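Chain residues, written in single-letter form:
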Amino acid sequence: MILKNTPRKKITELFCLNSDVELLLVQIQKEIKLLNSLSTTPQVSQQLQIHELLLNTFKQYGLQEAFIPHVQKQVEDTFELLQKENKLSGLLCKILDAKSSYLNTHSFMLAAISTILVSKLDWSSEGSITKLIISSLMHDVFIDESVTSETELLLRKKHSADFKDHPLKASEFLNQIDSILTDVARIVLEQHETGEESGMPYALNSNRISKLGSLFSFSHYIVDFILEEHDFGKVNTKSIYKN
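Residues numbered from 1 in each chain as written. Predicted model: local features only at pLDDT ≥ 70, side-chain atom pairs only at ≥ 80, totals over all residues. Heavy atoms only, no water.

Draft legend 1. Layout of helix 4 (residues 86–97). Its 12 residues give helix 4 an end-to-end C-alpha distance of 17 Å, which sits within 8% of 16 Å, the value for a rise of 1.5 Å per residue. Considered for burial, the residues of helix 4 that qualify are Leu-88, Leu-92, Ile-95 and Leu-96. All buried residues of helix 4 project into a common sector of 90° when viewed along the axis, lining one side. In helix 4, the exposed residues that point more than 90 degrees away from the buried face are Asn-86 and Asp-97. (Helix = DSSP H or I, 4+ residues; strand = E, 2+ residues; numbered from the N terminus. Expected span 1.5 Å × (residues − 1). Buried < 20%, exposed > 50% of the residue type's maximum accessible area, 1.4 Å probe, protein only. Arc of directions from axis to C-beta.)

Pasting the structure below:
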């Protein structure tokens with residue numbers, strides 16, 4: 001596939017064959033790297049980091065790479081919004097710089113899956129997408145960075161009091177930030193609530209969990225399942241998405 005410059009044409013959308021998606025993304029990555037080498041603007045470097053993290057995550061776990069441009073734009077806009085808040089800017093840099101971190105991959109995959117799912121619902125909005133991305137980036141800020149796999153995280157779930165408290169800690173932290181959108185702290189609090197009075201931290205039943213909280217918890221379950229199965233070489237993402 002050859003991409004040509006069309007400066008005089010007003011192009012708002014680009015369509016390509018599924019077989020060409022990877023080639024297109026590689027070309028985009030090259031262009032971003034070139035811009036990064038020519039510019040001292042931190043935003044360009046940040047966009048490159050976000051793109052690389054999403055591309056690596058989608059490739060490694062078999063997600064459809066055609067969704068990357070849409071998800072990337074939403075994540076970039078959310079980063080720009082959050083960086084205006086001093087208490088969050090350091091955490092965002094930490095997420096981007098920890099390229100080998102399991103939690104980093106986990107957060108970006110959760111942002112992708114939750115926003116893709118909510119976009120299919122008739123009550124979805126730009127606000128709900130932004131809330132889900134913020135929740136994805138912030139939901140595990142109080143988990144030990146040394147975690148390297150879903151299997152290790154599952155072991156800590158059973159034995160660590162800190163793990164059981166992390167939704168509450170993250171929610172309380174976000175509640176202290178006036179600029180955070182309404183509902184984000186609640187979504188983060190409900191990340192491990194199952195709706196069957198067996199989740200944490202409060203073991204809520206389904207009628208006490210918010211709509212976005214339910215979707216976020218379900219997305220979190222999907223991500224956990226994919227990563228856990230991937231650890232054991234069993235995962236078949238095509239069957240997961242089909243079902």
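Draft legend 2. Summary view of the packing of aromatic side chains. Counted according to the given criterion, the structure contains 1 aromatic pair. Pairing Phe-142 with Phe-173 gives two aromatic rings, centres 6.1 Å apart and planes at 80°, and the pair type is edge-to-face. Linking Phe-142 in the loop between helix 6 (126–138) and helix 7 (150–159) with Phe-173 in helix 8 (residues 161–175), this pair joins segments that are 31 residues apart in sequence. The class of Phe-142 is partly exposed, set by a relative accessible area of 40%. You can call Phe-173 buried: its relative accessible area is 18%. Across the ring face of Trp-123, the terminal group of Lys-211 is positioned such that the distance to the ring centre comes to 4.4 Å. (Phe/Tyr/Trp six-rings, centres within 6.5 Å; stacked < 30°, edge-to-face > 60°. Lys NZ or Arg CZ within 6 Å of the ring centre and 35° of its normal.)

Draft legend 3. The arrangement of unusual backbone geometry in detail. The peptide bond linking Met-200 to Pro-201 adopts the cis configuration, its omega dihedral lying at 10°. In this fold, Pro-201 is placed in the loop between helix 9 (184–189) and helix 10 (211–231). For Asp-183, which is not glycine, the phi dihedral falls at a positive 90°. Checked against the element boundaries, Asp-183 lands in the loop between helix 8 and helix 9. For Asp-183, a relative accessible area of 37% gives the class partly exposed. Of note, the phi angle at Glu-197 is positive, near 60°, even though the residue is not glycine. The topology assignment puts Glu-197 in the loop between helix 9 and helix 10.

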